[in-house]
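Residues per chain are reported as follows:
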Amino acid sequence: MRFNNHKRKKETKFIILGIILIACFIIGILSLTIKGDRSFTVVEKYVKDAGIGIQNVLYTPFRFVGGKIDDYKEMKAVYKKYKYISDIESKAVLLEEENRELKSSLDDLKSLLDLNKLTTEYKVINATVINRNVGNWYNTLIIDKGEKSGLKADMIVITNEGLIGKITKTTFYSSEVKLITTPDLNNKISVGVITDDNTTYGLLSGYDKMTKELSVIDIIDNTSIKVGDKVITSGLGNIFPKGIIIGTVSKVEMDDFGISSLVKVKPIADFNNLRYVTVLGGIE
Amino acid sequence: MYLVVLLSFFLDGLLSIYQELSIFGVIYFKPMFTIVSLVLIYPKYQKDINNYLKICLVLGLCYDLFYTNMLFLNMLVFPLLGYIIHRVYLFLIDGLVNSLAINLIALVSYNFIIYFVLFLTGYLSFNVSLFLYNLLSILITNTIYFIILYLLLMTDKNNFPKKKKYKF
């Protein structure tokens, strides 16, 4: 009887040890797959593209109805624009001259400030959002352009309002975009806050879903930051080009340690309505 | 039943782009129809639990391949969820309210497990209020879907074979 109890205890210990080892192994594997710089395997690429193909077929009626509604809205907007253009037609010659002058000033400023590239010089690729944040915790989009359209990881994704994220992974016909509102702890972007005196640099880190504000941390000099100041990408780190607008300052406070400032930023892009996005490809 | 699962699976992706639609800025549309379908199809497999867990495994793998980048996460979580659903069903009789309760348990369990794993692997920080805030929207959205599907499927009695007795 005692021997059976002893044997049972030993077996239980081995079972518990086995479960702990398996759990550690699984968490290790999951940590590797969660890594941001992991690219898709060939099997994953083919399976995802097949799934997206099926989804595109199923999505056709939704797109048709949505397209008709958008067409109607666009027609109304076009008519308004036509009226406006008719009014300013006479000023076209003057505008052309002004444009030539501005272009020349821009070239001078670029060489003065030693700017290598501007956002207007990037090749733009328009894409449609086909999936968004399935599973609720990842804050990613899937767009309908991939490697075949020249997209690669780390390309910037914007809307006509401002920055929304960057491409993390691509398949042949789709790409995954990680949004700047992701709660991912590894997602930090170097930004600049444009004040009256100069530009103050910090790190975009975190998004509060309740207040819908981004947080900028590690700002040492906050004396001149005020509500309403624009926040743009700083260009440091060579991932995001300089000058893409992210949002405006909504609050300035000290961090928990009282050493640096914590700036709350209201994003300028409407993350509630992301249907069509633009990817900034390579330099043209 | 396979149709219910497939439909829910693809609807998760299709309707996910409307996730930011909200009521009063508090309740968001957050579909997790795949999980709901697992709860709905269980009564058909209550005598064949092995097959049910195999379906959960395959569904989890497809979910990982199509929607997330985390290989094996849902492939492991879905069968675990299937087992939880199996154990909870043993204690409850059939009916809309009880099935709804199991649906809520399944959704809470799934989200808790996923959130915990993402926290352990350093993907997310631990934030109880964010978790609960998201959970509220998830529960409301998927409860409505569950009720609609349950009422539709109830018309066919073969889909929901009555339990002869319940165990404690």
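Residues numbered from 1 in each chain as written. Chains lettered and ligands numbered in written order. Predicted model: local features only at pLDDT ≥ 70, side-chain atom pairs only at ≥ 80, totals over all residues. Heavy atoms only, no water.

(A) Spotlight on the overall build of chain A. When you go through chain A residue by residue, the secondary structure sums to three helices and 12 strands. The proportion of buried residues among the 284 residues of chain A is 37%. Surface summary for chain A: the accessible area is close to 17300 Å², and the carbon and sulfur share equals 60%. (Helix = DSSP H or I, 4+ residues; strand = E, 2+ residues; numbered from the N terminus. Buried < 20%, exposed > 50% of the residue type's maximum accessible area, 1.4 Å probe, protein only. Areas by Shrake-Rupley, 256 points an atom, 1.4 Å probe, with all protein chains shown as cover.)

(B) A look at the pairing of strand β11 (residues 261-267) of chain A. Residue and element names in this part refer to chain A. The element β11 is extensively covered by neighbouring structure, given that six of its seven residues are classed as buried. Two elements, strand β8 (residues 213-219) and β11, share four bridges in a ladder whose sense is antiparallel. Directly across from serine 215, in β11, lies its bridge partner lysine 264. (Pairing = 2+ DSSP bridges.)

(C) Spotlight on the nonpolar core. The biggest cluster of nonpolar side chains holds 55 residues, and the ones touching the most others in it are Ile85(B) and Tyr110(B). Listing elements by their share of this core, those giving two or more residues are α1 (2-14), α2 (33-41), α3 (49-66), α4 (73-91), α5 (96-120) and α6 (128-153) of chain B. It is α5(B) that contributes the most residues to this core, 10 residues altogether. With near-sequence residues (within four places) excluded, Ile85(B) lies in contact with Leu38(B), Val39(B), Tyr42(B), Tyr52(B), Ile102(B) and Ala106(B). Formed by 41 residues, the second largest nonpolar core is a distinct cluster that contains Leu163(A), Ile189(A), Val265(A) and Leu14(B). (Core = buried A, V, L, I, M, F, W, Y, C linked by side-chain atoms within 4.5 Å. Contact = heavy atoms within 4.5 Å.)

(D) Molecular detail of unusual backbone geometry. Residues and elements named next belong to chain A. Look at aspartate 154: it is not a glycine, yet its phi comes out positive at around 75°. When you line up the elements, aspartate 154 lands in the loop between β2 (140-143) and β3 (156-158). Phi at lysine 212 takes a positive value of approximately 55°, unusual for a residue other than glycine. Residue placement: lysine 212 occurs in the loop between β7 (199-208) and β8.

(E) The arrangement of the interface of chain A and chain B in detail. Each partner contributes residues to the interface: chain A has 42 residues there, and chain B has 43 residues. Taking both sides of the interface into account, the surface hidden between chain A and chain B amounts to around 4200 Å²; carbon and sulfur atoms contribute 64%. Counting across the interface, chain A meets chain B through zero salt bridges. Between the two partners, chain A and chain B, sit two residue pairs in polar contact (both at pLDDT 80 or more). Those elements that provide at least two residues to the side of chain A that touches chain B are α1 (2-34), α2 (42-88), β1 (122-132) and β5 (175-179) of chain A. Element by element, the count of residues in the side of chain A that touches chain B is highest for α2(A), at nine residues. (Buried area = accessible area lost by both parts, 1.4 Å probe. Salt bridge = Lys/Arg side-chain N within 4 Å of Asp/Glu carboxyl O. Polar contact = N/O pair within 3.5 Å; in protein donor to acceptor, adjacent residues only side chain to side chain.)

(F) View of the pairing of β7(A). Residues and elements named next belong to chain A. In terms of strand pairing, strand β6 (residues 189-194) meets β7 through six bridges, oriented antiparallel. Considered in β7, the bridge of isoleucine 189 is made with leucine 204. Of the pairings in the sheet, the one linking β7 to β8 comprises four bridges and is antiparallel in character. By the bridge assignment for β8, leucine 203 is matched with isoleucine 217. Counting the residues in the hairpin turn of β7 and β8 gives four residues, including lysine 212, whose phi is positive at 55°.

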